[in-house]
Every structure is written in C-alpha cells, then in structure tokens.
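Chains, contacts and geometry: an overview
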Protein chains: 2
Amino acid sequence: MDDKQFDEMIEEVIEDVYEDVYEDMENVEEALDELLDTVKALLERKQYADLRDLLLPLEAADIASLFDDMDERVPVLFRLLPKELAAEVFVELESDHQELLIQGFSNAELKEVLDELYLDDTVDIIEEMPANVVHRILAQADPEMRKSINEILKYPEDSTGSIMTTEFVDLKANMTVEDALKRIRRTGPDKETINISFVTDEHRHLIGVLGIRALLLAEDDDIVGDIMEQNFISVQTLDDQETTAQVLSKYGFLALPVVDTENRLVGIVTVDDAMDVIEEETTEDFEKMAAMLPSDKPYLRTGVWEAWKARTPWLLMLMLSATFTGIILTHFENALAACGILTAFIPMLSGTGGNSGTQASTAIIRALSLDEIRFSDLLKVLWKEFRVSICCGICLAVANFIKMMLVDRMLMNNPAVTPMVALVVCATLVGTVICAKLVGCALPILAEKVGFDPAVMASPFITTIVDALSLLIYFRFATMLLGI
Amino acid sequence: MDDKQFDEMIEEVIEDVYEDVYEDMENVEEALDELLDTVKALLERKQYADLRDLLLPLEAADIASLFDDMDERVPVLFRLLPKELAAEVFVELESDHQELLIQGFSNAELKEVLDELYLDDTVDIIEEMPANVVHRILAQADPEMRKSINEILKYPEDSTGSIMTTEFVDLKANMTVEDALKRIRRTGPDKETINISFVTDEHRHLIGVLGIRALLLAEDDDIVGDIMEQNFISVQTLDDQETTAQVLSKYGFLALPVVDTENRLVGIVTVDDAMDVIEEETTEDFEKMAAMLPSDKPYLRTGVWEAWKARTPWLLMLMLSATFTGIILTHFENALAACGILTAFIPMLSGTGGNSGTQASTAIIRALSLDEIRFSDLLKVLWKEFRVSICCGICLAVANFIKMMLVDRMLMNNPAVTPMVALVVCATLVGTVICAKLVGCALPILAEKVGFDPAVMASPFITTIVDALSLLIYFRFATMLLGI
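What comes next concerns the included structure. The shown structure was predicted, so the numbers you read here are calculated from the model rather than taken from an experiment.

**A look at the overall build of chain A**
Across its full length, chain A carries 25 helices and six strands. In terms of overall size, chain A is more extended than a compact globule, its C-alpha atoms giving a radius of gyration of 30 Å where 484 residues would be expected to give roughly 23 Å. When its C-alpha atoms are laid out on the principal axes, chain A stretches across 90 × 70 × 40 Å. With 484 residues in all, chain A has 55% of them scored as buried. Within chain A, contacts between residues at least 6 apart in sequence are counted, and of these 68% link residues at least 24 apart. Total accessible area computed for chain A in this model is approximately 20700 Å², and 54% of it derives from carbon and sulfur atoms. Put simply, chain A has 38 plus and 86 minus side-chain charges, and the middle of one group is 7 Å from the middle of the other.

This is how it looks when you write it as structure tokens:
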C-alpha cells in the first residue's frame, strides 16, 4: 500500500473510530486489537496528528489498554493527549508504565498531571511506586494535597481509609437548598462525586447525608438540616475494604461516608472504587482456592518468574503432605499385593472424594464471603451436608456398582472384579463422599472463626485430607469384607 | 423477666436500634441476629407498635433479611410497614416469601405495592413467580406498566434487555438547561436514577447523554444539545448481561443506555443492577469450577434435594470418566506387582498434577471472564505456562527427590525406595506438571472458542485428563528406567 492509499485509509478509520470500536460492546477487545495495528503503523510513519485524531475519541480505559501494549513507546503516545484526557488515561495504565512516564516527566509535566488527578487515584498510584518516584510526586503536589496524601497513606493496606478519597461535597445543616446547590456548583468540578453530599457540624462530625435527587426535588428555601437523611450508614477508616465494598453493594449506595473513631467525617468511598475492590478480592479468592498466592497483576502482565513464585509454595506443601497417603499405601502394601485389582480404583476414589469436598467447600467459601453464613450456622451446615452427602454417596455407589459389574467385569472381562470387590469400592465411595463433604464444609467455617482465610483452606488442602481418609476407609472395608 | 422489665428493655432497644445495628459495619449480621430474638419476642406478645418502631429505622435490605428468617409470620410483619418502606423490603425478600405475600394480598394491597416498585424490580419478581401469580400482578398493573413489563419479559434470560428498566429521564436536544432541570424535578421521583439523562431525537434515537454534574455546572440558558456528550457508549438489548455489567464496571459509569437494533433508546441499566449481575455470575463461576450446576439461591435456602440435584450429575460423570485411569492401572498391573512401591506415589503424582492444572485453569478462566485474554493469545499463554511449568516441575522434582531419599528411604527405612525409583517418580513429576499446566491453560481457551463455558472445563475435568496422562508417563518412565 503506498502512502496515499494509507492516508486515505487512515482518514476513513479516523472518521468513524468511535462508532467502529463501540458499535458492538461484546467485541470491543477485538476492535481495539485491530486498532492497535493502525496505531503502530501511524507511529512508525510519525503521523502524530492522525494518531491524535484516532485516539482522542476513545474512552480513557481503552486508550490505556492500547498504550499498555506499546511498552517503551508509551511516553511518545502519552504526550499526544490533551491534559485532562492524559490524566484519565494515566490512572488506567499499568503501574510499570506509570513509573516509566513519571521517570520521563519534567517537574512541570508531573505537576500538570497530578493537578488533574482525583486524590484517591493519586494515592493508588503512589502505593505502587518506588521510593524515589514517591518523593518526586509528593514534592510536586501542593501542600494541602500532600497532607491529604500522607494522611491516606498512613492507613493500612486493605483498610477502608486506604481506598477513600477526601474530595467530597460537605454541607452545613443550616444552609438553604439554594445555598447548597450554589456550593455544589462552585466546588463540584473538583469532587469525586456530587451525587451525594455530606452534612457536618462545626466539629466536622457527620450528622446527615443528602442525595442530589432530594436536593433537586426540594424547594429553594428548604433547609438542608430538615431534608437530609439523619439515619445513614457510615464506615470507619480501619474497616476492611471488602466490608465497605459489600455494604455499598448490599444497600445499593453510590457513595459511603468514612468516619474516624470520633465520628468525624474524613472521606468517602464511591461505588466505582467498591466495584474495583470486589473484582480484586474475587480474583484473590479464585487464586487462593486454586492454591496460588494472590497476585495483583493481570495474567498476561505477570512474568514467568512471578507466576512461579506464586504457584510453587503451595504445590510444594501439598506434594509433601501427600507423604501421608504414601505412608498409608506402603502400610497396606500386602493387602494390595494380595488383591491387586484394588489399586485400579484408588484414583477414582480419591478423585470423587476431592470433587465432593471441593463442591462443599466452594459453596461454603462463597457463602461466607457474601456474608450468608456465620460460625453459628456450623451445625446447621454440617447437618445439611451430611444429608446431601448420603444422597450423593448412595447414588454414586449404585451407579458405580452397576458400572463395575457391566464394564469392568463383563465388558473388560476381568474376573478379579468380583461383586465383593465392587461392594468394597462402593462402600468406600459412600464413606468418602460423607467425609469429604463434612470436612469440606467445616474447614472453611472453622478457618474463618480462628482468623484464617477460608479460601486458603479450600480445595487443595481438603483434597489432601480427604485422600488420606478415603484410603483408610478403603483398606478398612477391604480387610473386613475381603479378609485380607 | 416480667412484662414491665421487658417493656423497659424494649424501649431502650428501640431508642438506639439504628446506632446499635450500624455502629460497626463489620458486625451488622451479628447485630441483626440479636435483634431477631427481640422481634420474635415482640411478635409473640403481639406488641405490634413496638415492633414497628423497632423495624422502621432499619435499612430495607436488613428488614428483609430479618423477615426471611420468620417464614410464615412474614405477612403479619409486612403489614406493619409503611407503604414506601414495605415496597423496598418486598423487593429484597426471597422469592418464596414474595409469593407467600402476594398470595395473601388483596388486589388493592397488591396494586399499592406494585405502584411503589421500580419497573426492573417488578420484572425481577415476576420472573420468579408461578403463572397464576404473574397473571394477578399483570392484572393489577396499570396499562402502561403492563406494556413495559411484557416488553421486558420478552427478552431472553441473561440478556441486557431482561435487567434494564424503562424508567429513565429523557431530554430533547433543543431544551435549555433550565427546562431540563425542571423536567428532572417534575419526573424525577419515578425514575430509577436522575444522575444521568438521555437525549433522544423525535424518532426516539439516542443522540447524547448528559450527567447531572454537567447539567448543574452549566448556565441556565445553555442548550442541552450543546453540552451533552455525543460520544457515548450504549449496549444493545440482546447483549449478554455480563458484558453490560463489565462495561459499567470497566468505564466506571453509573448507568448505561440500552438501545434496540435501530438505535432507539428502550431502557437503561444502572450500576446497582450491574453489581448484582457480577455477584451472581461470579457465584456461578465458582459453582461451575467446583463441578456443580449453578443455583440462584443462597446456601442456607437451598434444600438438600436441590443441592443433591446440583452436585450429583458432575460427580457421576467424573467418577465414570475415572474408568480410564482404572484401565491404565489394570493394564500395568504386572509392573505394579513387580515393583509395589510405585503404588505409594500415585496419589502424590495425581494430586500434584491436579493442583498444577487447576492453578493454570483458574488463572485463565478468571482472565477470560475479566476480558484480559482472548483466543488469539493462546500461543502466548501456552509458551508462558510451558516455561512456568518447567520451573515448577524441576523445583518440585528436586524437593521430592531429597524427601524420598531422606524420609522414605532413610527415616522410614524402606529399602524399596531406591534412587532409581526416586528418579522415576521425579521425572514423572516434571512431565505431569508440564502436561497439567498446558492442558489447564489450553482447555478453557479452546472451550470459550467453540462456545462452551470455560468455567465448566475447569478443575474437575482437567484433573481427570491429567490423572490419566500422569499414569501413562509414570509407567513409561518405570518400564524405561526400572526395566519392568
């Protein structure tokens, strides 16, 4: 394609870039992938004006995801963006690219970006940066902002204080609605949200909240103190961020006030931050349940070395804990030698046990994290899992008996699979399923009670315990029924 | 405690009920549990006025959760609530209690509740009700509402249309800001949100969106068409509800417009609905990955029979598919008889293989559901997992060799564990981990490509495949290195 053709094509692409990308929201990622090639071509040809026209219409999150695929060319691309959009994109970038950019910024450029950022985003960025970059950021922030940043940085990781912002609309109870709206109009542009305002007294104690809807529907001369909601939910700076996110989700709030121990309003948490927290915590739960150490990077950005570090410790521990099953098997070596066919069903038994246990533990862990069950429900849960496991166990045992008789004995023509052997296997199956479900449901609840993470207690750990139990049951039935 | 003491205690409880319950958001559930006993006692003594005072200050979601523990007494309690609160509580109740209430409502009562509900909530309720209840609801809805309900009910389950509401603020491009604010004040009370307004032309085509902040910050005589956002993202009625929820989350929107195939605005989806969808879909993913059929009820409300139905099919299938491992073991019966110690390490090998595979598949499934990877990344993913698996495999093999020599051979004094046997086990370990990681990462991506659910392809299925592969590798190495 010659230059003229290329320019014509680019003109066309630029014309409808927004529509093309966002026409079908189910395929935005594919559309962005296609765009990436165009971005690369334009960058190579140094057609910066076209590149800018191409990027400008896109949503900040998507510009950031394009940039994240460009690595060392991010700074060139970033400088094409107008100030405000640049800041929005900056927030959405991966932290290594943020660092790369900050390292390349002049002090003036850095200040310009910082001025456009919301406070909570600034803090999020700082938390990922090395010390020298943090110093530069703090040096460029204006004194008031620096104070707020330092304030928020003090809160422990995963606390509500660490995700809140201090940029909220605060009103006084004696204001009229007209005053309040004026104040929102004046200070609104710098606030994280204007959908909810917070009413404080002279000591900064939170005494009410007021939604924008109530404010708009009121008369101009109504008094804020009369129309504000006096029964309102607030969270504390040291509450777990997950609790706060769940509160926002459960009650359907758009923002929650955060108070200190003296009930003074110090910040707010908005629904978009809550959604990020929930996504992050869910990913962590998935990782822990699959025996990985949690990582906060997207899959493709995690290096081989990082993945190895996250995965090996638990694999190692679980491998070593399988020593027990080995010991049990060695102990019953003679029984296995006397009746070799028993070996053939060990993987099936341990697999079924593992699956049964995982079903119970997953259901419980999810219910715990959604606050549906508590420690006091333990007996109720055990009783229920006991009944479910008996139903499941019997059903599996019957199916397995039929299968062993038809497939293993008749079809595969294996005379070693006697009805008695099948009975041993099926009885073990029932016992294993019952044990697996009881262990699977009890362990996460007990773990939470003593302050461990229930997700960590999940499948892998339970599988190891159930493996050992199922072998013990197996050999117990074998010695009993087969006389070996 | 005599009646007088009881009354005094109740007075005290009522005094501070809101503060007591919501003082510490980390322990709301415990506080509600304590309240439940008081509610039951008051109900028994028929002290309805006190009961009402006790309930009124609470959040609707919490009143509903109290009610859900009261079963057949729900109707009595429900009638204590004032109209508006009653409707809010009604929405939050479990569907069997909603049905119980509707069955007991007079037509007038039903109409009163329906009038207070938002449209999307009404539709959610209807979707769970049996046909005769649906008929009654539709009969009591006013004609316009009935039309809207029927419209939404037409959309397939899990589509965006099925979760949207048609109660949004619509503006015209030629309105002034003053007109727009007047319109919002007038129609706002019945709308799901006033935070975002939607601008349509005369054919109901969506041509812009306008946030309340922009509206408040504009001058009274500015024209809506000039200040509205013309580049905006919309979703289609038939888009998957999960896509829509992810879009809201990714871009941090408070509401998204939903258009039909001709780009006519038909509804909106708000962020609280998106959070519900995400929670629901996440729970489904957890369930599927643990080999359960998804259920939409909370754990404690799922009956034994339902739990059995959700859990048995996959357990059965996975149990039967373990037939393969059984066949492999039977096939190598002679090798096992010749070198019985090999049996002792089978559970460890299959456990480690299963865990390795689950690690990879979980990371991939989560990345797929967050839209971080796509089919085109398959080779990249395979290459990365290959490198990670070599590192993990070697690390585990070394640890295992040392352990087998020190613990099994020396400590347990088992002469059968020769260095050669250890070598066989360790070589198998490396091979198994590599296979497990490759199968674990590839299977979910391939499943999504051909239109299956990647979560269903997760751990249990992969474990079965990996079990079989690891045994084949084991016996291959055993025959090669031990000459059996």
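Structure's up, so let's keep going.
**Quick word on the relation of the copies chain A and chain B**
Two copies of the chain are present, and they differ by a rotation about an axis and a shift along that axis. Between the two copies, chain A and chain B, the superposition gives an RMSD of 0.1 Å; the rotation angle is 180° and the shift along the axis is 0.0 Å. Those values place the two copies in the arrangement expected of a two-fold rotation axis. The overlap is high: 100% of the interface residues of chain A also sit at the interface in chain B, so the same surface is used on both sides.

**Quick notes on helix α5 (residues 60-67) of chain A**
Burial analysis of α5(A) places seven of its eight residues in the buried class, which makes it a mostly covered element. If you check which residues of α5(A) are buried, you get Ala60(A), Ala61(A), Asp62(A), Ile63(A), Ala64(A), Leu66(A) and Phe67(A).

**Details of the sheet that holds strand β6 (residues 265-270) of chain B**
Residue and element names in this part refer to chain B. An order of β4-β5-β6 is seen for the three strands of this open sheet, with the pairing classed as mixed. Looking at the sheet topology across the chains shown, the edges are occupied by β4 (235-236) and β6. Bridge count between strand β5 (residues 255-259) and β6: five bridges; the pairing is antiparallel. Looking at β6, one finds that leucine 256 is bridged to valine 269.

**Considering the nonpolar core**
Counting residues in hydrophobic clusters, the biggest one holds 151 residues, and the most contacted among them are Phe67(A) and Phe67(B). Core analysis: the second largest hydrophobic core is formed by 72 residues, Phe345(A), Leu396(A), Leu329(B) and Met405(B) among them.

**Some words on the sheet that holds strand β2 (residues 196-200) of chain B**
Residues and elements named next belong to chain B. An order of β1-β2-β3 is seen for the three strands of this open sheet, with the pairing classed as mixed. Of all strands in the sheet, those bounded by a partner on one side alone are β1 (169-171) and β3 (206-211). Adjacent strand axes in the sheet meet at a mean angle of 35° when their direction is disregarded. In the sheet, β1 pairs with β2 via three bridges, with the strands oriented parallel. Across the sheet, residue valine 169 finds its bridge partner in β2, namely serine 197.

**A word on the interface of chain A and chain B**
Listed per partner, the contact involves 125 residues of chain A and 125 residues of chain B. Across the chain A to chain B interface the summed buried area is about 11000 Å²; carbon plus sulfur atoms make up 66%. At 14 residues, helix α23 (residues 378-411) of chain A tops the list of elements feeding residues into the side of chain A that touches chain B. Classifying every residue of the side of chain A that touches chain B gives 66 nonpolar, 28 polar and 31 charged.

**Quick notes on a nonpolar patch on the surface**
A cluster of nonpolar side chains, Ile394(A), Val398(A), Ile402(A), Leu406(A) and Met410(A), forms an exposed patch at the surface whose accessible area comes to about 490 Å². Mapped onto the fold, Val398(A) is located in helix α23.

**Structural notes on unusual backbone geometry**
Residues and elements named next belong to chain B. A positive phi angle, near 65°, is found at asparagine 263, a position not held by glycine. Asparagine 263 gets classed as partly exposed once you look at its relative accessible area, which sits at 35%. Of note in the backbone geometry, aspartate 371 takes a positive phi value of approximately 65° without being a glycine. Among the secondary structure elements, aspartate 371 is positioned in the loop between α22 (346-369) and α23 (378-411).

**Topic: the packing of aromatic side chains**
Considering all chains together, one arrives at 23 aromatic pairs over all chains under this definition. When the ring of Tyr18(A) is compared with that of Tyr22(A), the centres are 4.6 Å apart and the planes differ by 50°; the resulting orientation is tilted. Of this pair, Tyr18(A) and Tyr22(A) are both found in helix α2 (residues 17-22), four residues apart, which corresponds to roughly one turn of the helix. As far as the burial class goes, Tyr18(A) and Tyr22(A) line up, both buried. Between the aromatic rings of Phe90(B) and Phe105(B), the centroid separation amounts to 6.2 Å while the plane-to-plane angle is 35°, which identifies the pairing as tilted. Remark: Phe105(B) occurs in the loop between α8 (95-104) and α9 (107-116) and Phe90(B) occurs in helix α7 (residues 83-92); sequence separation between them is 15 residues. A connected cluster of aromatic rings, assembled from ring pairs, spans Tyr18(A), Tyr22(A), Tyr251(B) and Phe253(B). Just above the ring of Phe6(A) sits the side chain of Arg45(A); from NZ or CZ to the centre is 3.8 Å. Above the plane of the ring of Tyr299(A) lies Lys384(B), whose end atom (NZ or CZ) is 4.1 Å from the centre.

What counts and what doesn't
Residues numbered from 1 in each chain as written. Chains lettered and ligands numbered in written order. Predicted model: local features only at pLDDT ≥ 70, side-chain atom pairs only at ≥ 80, totals over all residues. Heavy atoms only, no water. Helix = DSSP H or I, 4+ residues; strand = E, 2+ residues; numbered from the N terminus. Rg over C-alpha atoms; globule rule 2.2 N^0.38 Å. Buried < 20%, exposed > 50% of the residue type's maximum accessible area, 1.4 Å probe, protein only. Contact = heavy atoms within 4.5 Å. Areas by Shrake-Rupley, 256 points an atom, 1.4 Å probe, with all protein chains shown as cover. Lys, Arg positive; Asp, Glu negative; His and termini not counted. Charge placed at Lys NZ, Arg CZ, Asp CG, Glu CD. Least-squares fit on C-alpha atoms with pLDDT ≥ 70 in both. Pairing = 2+ DSSP bridges. Core = buried A, V, L, I, M, F, W, Y, C linked by side-chain atoms within 4.5 Å. Axes fitted to C-alpha atoms, helices over the stretch in contact; angles between N-to-C directions. Buried area = accessible area lost by both parts, 1.4 Å probe. Nonpolar A, V, L, I, M, F, W, Y, C, P; charged D, E, K, R; others polar. Patch = residues over 30% accessible without salt bridge, like charges linked within 9 Å, V, L, I, M, F, W, Y side chains within 5 Å. Salt bridge = Lys/Arg side-chain N within 4 Å of Asp/Glu carboxyl O. Phe/Tyr/Trp six-rings, centres within 6.5 Å; stacked < 30°, edge-to-face > 60°. Lys NZ or Arg CZ within 6 Å of the ring centre and 35° of its normal.

Take it as geometry only, folks, not as evidence of what the structure does.
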